[in-house]
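In case you want the letters, here they are:
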Amino acid sequence: MKVNSPLQVYKYLPQTNCAECGETTCMAFASHLIDRSKKVDDCPPILKEGFKKKYMELVTLLAPEIREVTIGTGENAKRIGGDDILYRHQLTFFDPTAFAYDVWDTMPENELVERVNKIQNFRKFYVGKFLKVDMVAIRCVSGDALKFAAAVKKVNEITKLPLVLCSLDPAVLKAGLEVVKDKNPLIYAANEKNWNEVSELALNYKVPVVLFSPDLDKLKSLALSFGEMGIRDIVLDPGTYPQGKQLKETFERFIKLRRSGIKEGQKDIAYPILAVPLNAWLVYKDTVTASYWETVLASVFTIRYGDIMILHSLEPYAMLPEVHIRDTIYTDPRTPVKVAPGVNEVGSPTKDSPVIVTTNFALTYYTVESDLSSNKVNCYLAAVDTDGIGVEAAVAGGQLTAAKIKDTFQKASFEFKDKTSHSTVILPGLAARLQGDVEDVTGLRVMIGPPDSGRIPGWMEKNWPPKPK
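Residues numbered from 1 in each chain as written. Predicted model: local features only at pLDDT ≥ 70, side-chain atom pairs only at ≥ 80, totals over all residues. Heavy atoms only, no water.

Examining unusual backbone geometry
Then, in step 1: Here the bond from Y188 into A189 is cis, since omega is 5 degrees, no more than 30 degrees from zero.
Then, in step 2: Structurally, the position occupied by A189 is in strand β8 (residues 186-190).
Then, in step 3: Cis geometry marks the peptide bond from W464 to P465, where omega comes out at 5 degrees.
Then, in step 4: Counting through the fold element by element, P465 comes out in the segment after α18 (456-463).
Then, in step 5: One non-glycine residue, V127, adopts positive backbone phi at about 50 degrees.
Then, in step 6: With respect to the secondary-structure elements, V127 resides in the loop between β4 (124-126) and β5 (129-131).
Then, in step 7: Judged by its relative accessible area of 18%, V127 falls in the buried class. (Helix = DSSP H or I, 4+ residues; strand = E, 2+ residues; numbered from the N terminus. Buried < 20%, exposed > 50% of the residue type's maximum accessible area, 1.4 Å probe, protein only.)

Shown next as C-alpha cells:
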C-alpha cells in the first residue's frame, strides 16, 4: 500500500462532503478505505469523468502489496493474501489464513463422506462467533486420473466448500478440473518439470494455481513465466519441511518471500504463500506426535505469512489451537472486540431472577454468559458500553460508571419495578467501588458479586434471593 492514512487518501477524494457514500464527510470515507470496509467505487462523484485520473491513481495506491487470490465461488469463496504489512501492530492482517483439510482418492466412499462432513461441519463458538475451517484438499494417491475424478465428483456432491486439487500429474489435475471447472478450485502444483502443462490448465480453465519449489530463484522464475503468460492468480509454495535444519530454512524462505513482496516491492513474487503442515505426517508415525508437530507448524506459519495451509489431523486437540491462533492473529488490534450494549436474557428469567452487570468487552461478556448459562442461572445480563474494555480497566479508566449503568437500563427500557420483584442489581466484584454511586444514581439496591464469574453459582447459593431490608 502506498497510502496508509486517511489524510493521504483524502487528497484524492472530491472533498465535497456530499455524503453520497453514506458517510458524513470525505475524511470519514477515507478512513473506511484504509480499513477496507468500503471501496473507492462507493463514492459516486469520483466515478465521474472529471475525477477519472484521481480515481485510477487511488485504486492503484490502495491495492494491497500482496495480491489477493480468490478460491471457490459464491458465499463460500475464500480470499487469501491481500496484506500490506509485515507486523500486525502496524495496521492489521487482512484475509485470514485459509485452512484446507485433506481427503484422498483411495479412501472408501463411506470414509470419504464421513471425513468431508467432519471438515465442513467443524465449528467452535468463541467470543460471539463460530470459528470454522475453509476448504477440502483432495490428494491423488492412486495416480489414476479416473479414480481422482471420481473422488472429486463425490466431494463436490457433499460440500460447497472451495476445493484444492492436489497432484503433480497434469493429466490427473485435468481430470479433476473437468468435474469442478465451474467451482474455481486451486490446483496444486506446478514445478520445474510440469510447469508448461500446468500453466495451460490454469489458462484454459481460468483457475488459481500453486507454484512449488524450495529454491527461491526457481520459484521466482516460475512466477515470472506464469505472469508473462497472463496468469495472475498465483500461490507460492516454497516447501514446508517439518524438522531440523530444513525447518529453519523453511521459516527463512517464508520470511524472505514476504519481505520481498512488501518491503522490497518485488511485484513478480508478491503472491500469497502456501504452507503444508501435513508434511509432519511424513516424518512422525505416531498419530499424537504427528498431530502435535502439524499443529506447531500451522501455528508458526499462521503467524509468519502462511496465507493458506494443507492440513490432515481432524482431532480437536489439533484443530482447536489452529483456529484459535488464527483468530487471535487476524483480529484487528486497533479495535476492541465488543458486543452490543443492552440488557439480555440468560435462560428464562422471571421477576425473582437476578440482574447482573458486566461490560461489553466480548471476551468478558461471553465468559460471564457462558458461566451463567452452563450453570442454569436464569437472569438478566446487562452489557454496559465501555468501548469494549473489561471491568477492572473500565472502572479505573472511567468507562464503567454509575451513570453509564443507569443509561444502559434506560436505553433498553428495562424498568426494575416491572421486570423484577426485588429492584436489585448485582455489580461485578471488580467494580465494588461503584456501589455507592450506583445506589445514589439509580435508587436501586446494589449487591456486590464475586470478582470471577465462575464463582457466581456459589455466590448465588449464599446470597440470592436478597434478604428483605
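What about the environment of P428?
Then, in step 1: Among the structural elements, P428 can be located in the loop between β16 (424-427) and α17 (435-442).
Then, in step 2: Accessibility expressed as a relative area gives 14% for P428, which makes it buried.
Then, in step 3: Ignoring any residue separated from it by four or fewer positions in sequence, one finds P428 in contact with V357, T358, V391, I448, G449 and P450. (Contact = heavy atoms within 4.5 Å.)

Describing the packing of aromatic side chains
Then, in step 1: Evaluated as defined, the whole model comprises 12 aromatic pairs.
Then, in step 2: Members of the aromatic cluster, each reached through a chain of ring pairs, are F125, F130, Y365 and Y366.
Then, in step 3: Positioned above the aromatic ring of F94, the side-chain terminus of R36 is 3.7 Å from the ring centre.
Then, in step 4: Note that R326 overlies the ring of F99, its terminal NZ or CZ placed 4.3 Å from the centroid. (Phe/Tyr/Trp six-rings, centres within 6.5 Å; stacked < 30°, edge-to-face > 60°. Lys NZ or Arg CZ within 6 Å of the ring centre and 35° of its normal.)

Brief notes about empty space enclosed by the protein
Then, in step 1: Under the defined criterion, the tally for this structure stands at 2 cavities of 30 Å³ or more.
Then, in step 2: When its volume is computed, the largest cavity comes out at roughly 60 Å³.
Then, in step 3: L13, P14, C18, A19, C21, E23, T25, C26, F29 and C43 together form the lining of the largest cavity.
Then, in step 4: In this structure, the second largest cavity encloses a volume near 50 Å³.
Then, in step 5: D83, F93, R258, T302, I303, Y305, G306, D307 and Y330 together form the lining of the second largest cavity.
Then, in step 6: Residues of the lining of the second largest cavity, tallied by class, amount to 4 nonpolar, 2 polar and 3 charged. (1 Å grid on protein atoms, 1.4 Å probe; cavity = no way out; pocket = protein on both sides within 12 Å on 5 of 7 lines; lining within 4 Å. Points joined across faces, edges and corners; volume = space filled by probe spheres on them. Nonpolar A, V, L, I, M, F, W, Y, C, P; charged D, E, K, R; others polar.)

Considerations on the sheet that holds strand β11 (residues 274-275)
Then, in step 1: On the basis of which strands lie adjacent, the open sheet formed by 8 strands has the order β10-β9-β8-β7-β6-β3-β12-β11 and parallel pairing. With one partner strand each, in any of the chains shown, β10 (234-237) and β11 form the two edges of the open sheet.
Then, in step 2: Along the sheet, helix α6 (residues 170-180) contacts β7 (163-166) and β8; its crossing angle with β7, the most-contacted strand, is approximately 155 degrees. (Pairing = 2+ DSSP bridges. Axes fitted to C-alpha atoms, helices over the stretch in contact; angles between N-to-C directions.)

A look at the pattern of salt bridges
Then, in step 1: Following the criterion strictly, the structure yields 19 salt bridges and no others.
Then, in step 2: For the salt bridge of R115 with D102, the shortest nitrogen-to-oxygen distance reads 2.8 Å. In this pair, R115 sits in helix α4 (residues 109-121) while D102 sits in strand β3 (residues 98-104), placing the two residues 13 residues apart along the sequence.
Then, in step 3: A residue is classified by how much of its surface remains accessible, and D102, at 0% relative accessible area, is buried. (Salt bridge = Lys/Arg side-chain N within 4 Å of Asp/Glu carboxyl O.)

Structural notes on the layout of surface pockets
Then, in step 1: Approximately 620 Å³ is the volume found for the largest pocket.
Then, in step 2: Looking at the lining of the largest pocket element by element, the count peaks at 3 residues for helix α3 (residues 52-62).
Then, in step 3: By volume, the second largest pocket amounts to about 360 Å³.
Then, in step 4: What lines the second largest pocket is a set of 18 residues, and nearest its centre among them are R139, Y188, V276, L278 and N279.

Observations concerning the pairing of strand β14 (residues 355-359)
Then, in step 1: Summarising burial for β14: 5 of the 5 residues are buried, a large majority.
Then, in step 2: Covered by surrounding structure in β14 are V355, V357 and T359 together with I356 and T358, the residues of both alternating faces.
Then, in step 3: One ladder, built from 5 bridges, connects β14 with strand β15 (residues 379-384); its direction is parallel. What sits directly across from T359, in β15, is V384.

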